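# Summary of the model geometry
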Amino acid sequence: MTAMRRSRENDPMAELVEVQTDALPEADDPYLLTPGPLTTSRRTKEAMLHDWGSWDVEFNEVTADIRRRLITMVGGGETYDCVPLQGSGTYCVEAMLSSFIPKDGWALVLMNGAYGQRAAKTLQYLGRDYIKLDKGDYLPPLPEEVDDLLNRHPEVTDVVAIHCETSSGILNPLQGISDVVMKHGRRLLVDAMSAFGAVPLDVSDVPFEAMVSSANKCIEGVPGFGFVVAKETALAEAEGRSHSLSLDVHDQWAYMNRTSQWRFTPPTHSVVAFREALLQHEEEGGVPGRLARYSRNREVMVEGMRELGFSTLLEDEWLSPIITTFFCPVDKNFSFTRFYDELKARKFIIYPGKLTEAESFRIGCIGQLDEHVMRQLLTAVEDALKVMGVKDCRPAERQES
Ligand SMILES: *Cc1c(COP(=O)(O)O)cnc(C)c1O
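Residues numbered from 1 in each chain as written. Predicted model: local features only at pLDDT ≥ 70, side-chain atom pairs only at ≥ 80, totals over all residues. Heavy atoms only, no water.

Within the fold, T312 resides in the loop between helix 12 (286-307) and strand 11 (323-327). A relative accessible area of 5% places T312 in the buried class. Here the side chain of T312 touches R306 through a polar contact of 3.0 Å, side chain to side chain. At a separation of 2.8 Å, a polar atom in the side chain of T312 contacts the main-chain carbonyl oxygen of L314. (Helix = DSSP H or I, 4+ residues; strand = E, 2+ residues; numbered from the N terminus. Buried < 20%, exposed > 50% of the residue type's maximum accessible area, 1.4 Å probe, protein only. Polar contact = N/O pair within 3.5 Å; in protein donor to acceptor, adjacent residues only side chain to side chain.)

Reading across the sheet, the three strands line up as 11-14-13 and stay open at both edges, with antiparallel pairing between neighbours. Of all the strands in the sheet, just strand 11 and strand 13 (351-352) have a single pairing partner and so form its edges. Taken together, the five bridges between strand 11 and strand 14 (residues 360-364) define a ladder with antiparallel strand orientation. In the sheet register, T324 faces strand 14, and the bridge partner there is I363. In this fold helix 12 packs onto strand 11 and strand 14, with an angle of close to 5 degrees to the strand it touches most, strand 11. (Pairing = 2+ DSSP bridges. Contact = heavy atoms within 4.5 Å. Axes fitted to C-alpha atoms, helices over the stretch in contact; angles between N-to-C directions.)

Our focus in this paragraph is the side chain of H163. Relative to the helices and strands, H163 resides in the loop between strand 5 (158-162) and strand 6 (164-165). H163 gets classed as buried once you look at its relative accessible area, which sits at 5%. Apart from the residues lying within four places of it in its own chain, the contact partners of H163 are I170, L171, N172, L174, V190, D191, A192, A195, V199 and P200.

Before going further, it helps to examine unusual backbone geometry. The omega torsion of the bond from G36 to P37 falls at 0 degrees, within 30 degrees of zero and hence cis. Relative to the elements of secondary structure, P37 occurs in the loop between strand 1 (31-32) and helix 3 (42-46). Of note, the phi angle at E220 is positive, near 70 degrees, even though the residue is not glycine. Position of E220 relative to the elements: it lies in the loop between strand 9 (210-214) and strand 10 (225-231). With phi around 70 degrees, S260 is a residue other than glycine that occupies positive phi space. For S260, the location among the structural elements is in the loop between helix 10 (249-259) and helix 11 (268-283). Take S260: its relative accessible area is 38%, and that puts it in the partly exposed class.

A few words now on empty space enclosed by the protein. Overall, the coordinates contain four cavities of 30 Å³ or more when judged by the stated rule. Taken as a whole, the largest cavity holds about 50 Å³ of empty space. Around the largest cavity, the lining residues are Y115, I162, C164, T166, D191, A192, M193, S194 and K217. (1 Å grid on protein atoms, 1.4 Å probe; cavity = no way out; pocket = protein on both sides within 12 Å on 5 of 7 lines; lining within 4 Å. Points joined across faces, edges and corners; volume = space filled by probe spheres on them.)

This part covers the packing of helix 11 against helix 12. In the contact formed by helix 11 and helix 12, the axes pass within 7 Å of each other and the chain directions differ by 80 degrees. Looking at the two axes, helix 11 sits roughly perpendicular to helix 12. Mapping the contact onto sequence places Q280, H281 and E282 in helix 11 and G286, V287 and R290 in helix 12. Tallied by class, the residues present in the contact of helix 11 with helix 12 amount to one nonpolar, three polar and two charged. (Parallel < 35°, antiparallel > 145°, perpendicular 65-115°, else oblique. Nonpolar A, V, L, I, M, F, W, Y, C, P; charged D, E, K, R; others polar.)

What follows covers the packing of aromatic side chains. Within the structure shown, the criterion is met by 16 aromatic pairs. Note on F225 and F274: the rings are 5.2 Å apart at their centroids and 80 degrees apart in plane angle, and the pair reads as edge-to-face. Of this pair, F225 sits in strand 10 while F274 sits in helix 11; the two residues are 49 residues apart in sequence, bridging distant segments of the chain. Each member of the pair F225 and F274 is classed as buried. (Phe/Tyr/Trp six-rings, centres within 6.5 Å; stacked < 30°, edge-to-face > 60°.)

Here we take up the site of the ligand. With respect to spatial proximity, the complete set of residues near the ligand consists of S88, G89, T90, Y115, R118, I162, C164, T166, D191, M193, S194 and K217. In the model, an oxygen atom of the ligand is placed 2.5 Å from a nitrogen or oxygen of the T90 side chain. Assessed atom by atom at 2 Å from the grid points, the ligand resides in the second largest pocket. Listed by contribution, the elements that provide at least two residues to the shell around the ligand are helix 5 (89-100) and helix 6 (114-126). Here the shell around the ligand is built from residues that sort into four nonpolar, five polar and three charged. (Near = heavy atom within 4 Å. Sits in = over half its atoms within 2 Å of the grid points.)

Structure follows, in C-alpha cells:
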C-alpha cells in the first residue's frame, strides 16, 4: 500500500503505522461473526487514511451523497429525507422516538427481545406514554395482535417495531404489521438497525413515518453514526419536540439542509468509510445482492451446525439472514467461555446469547464473509468440540425427548 510505504520512510511513527496496517482480516484479525461492529473490507478501511475538514465542501459532498443514496435505497423519492446523526444506533433510536412521538402521544411498542425492551426503556426516560405487546424471547408480534390492540387503544398514535430483533435473530413480519398500522391510520416507527441494507424495506410497501439504522451493520461501515430516514412532513412537524439538543432530529435536519454541514463534530473517518461501503454495496447488487450473500452464509452455517448436532432457537420460517441463535449443548464438557476461546484461537469471534431463559450463543452472517468463510468456521467448530470433548450438541429439552 503506497500510503503506508510513504509513511514508513518519512514518519517517526512508522513502526506504529506498520503494526496497524498488518492488522487486517486477511492477515491476523479474526472474523467477526457479530451483528456489528463487523468485518469490513480493506477498501472501506483504506478510506479512513485521510483527514477531512468538517466544514470543507468535499466532505459536505460526501455527506450529501450518503443521504441521497440512503433515500434511494428505501425508494423515498421526494417525500422522504435522510438525517445522519453522531453516535451508536441506540442514540439514533432515542433521537427518533423523542423527535417523532408527540409529547402527548401514545406509543405501542412491539417487543420480542432486548431491542424492543430498550425502546420501551427509552420511552420511560423520555416520559412518553406507551403500551406494549411483549412476546418474550422468540415469538413474533403478529399483525392480528397489533390489529386487536389498535382497536382497543384508540389513544395510540405511534407503533414502534423492530425489523430484525437481533437478540434472537428473528425477522419480524414488518409488512403485515405495517398494513395493520396504516389501516388504523397510525404512524409506524421502525428500528431497522440490523436488517437495513440486506432485508428489503421500501416505502411503497411499508410507508413508515421514520426508520433508523447505523453505519456498522449491513452496509458494512465502521461505527460512529446512525441515520434516520423519515417523511419530510414528519421532520418538519418534529420541531421543538426533542428533550435533547444533540439528539434533536429536526434541528440536525434543518441545519444540515441549510448549511450542508453536521451540527457538531461529525465522525469524519466513519462517514467517508461509509460512503466507500455504500459504493461496494451497490457494486454487489444493492439490497438483493447483499441479501443473497448473507442468506447463503446462513444456509451453509445453519446446515453445518445442525449436522454437528446443534439446534436453532427459531423455526426456519423466522430465521433471519443476519444472525442465528443456537442453544448451548447440555453435554457437561461444554462451556460457552471455553467454546468462545477455542473459536477465537481459530480466528472466529462469535457472540454470547441474549435470551432470558435458555443458555445460548449467536453466530452472525453479516460483514465481509462468504460461504467459504462459513465452511472454515464449521471446521473450527468441529475442532473446538473435539478439543473440549463435547460429543452431544443437543440442547437440554431435546435430549430428553
Ligand atoms: C445494533 C442494534 C441497535 C443499536 O445498538 P448500538 O449498540 O447502540 O449500536 C438497535 N437495535 C437493533 C435491532 C440492533 O441490532
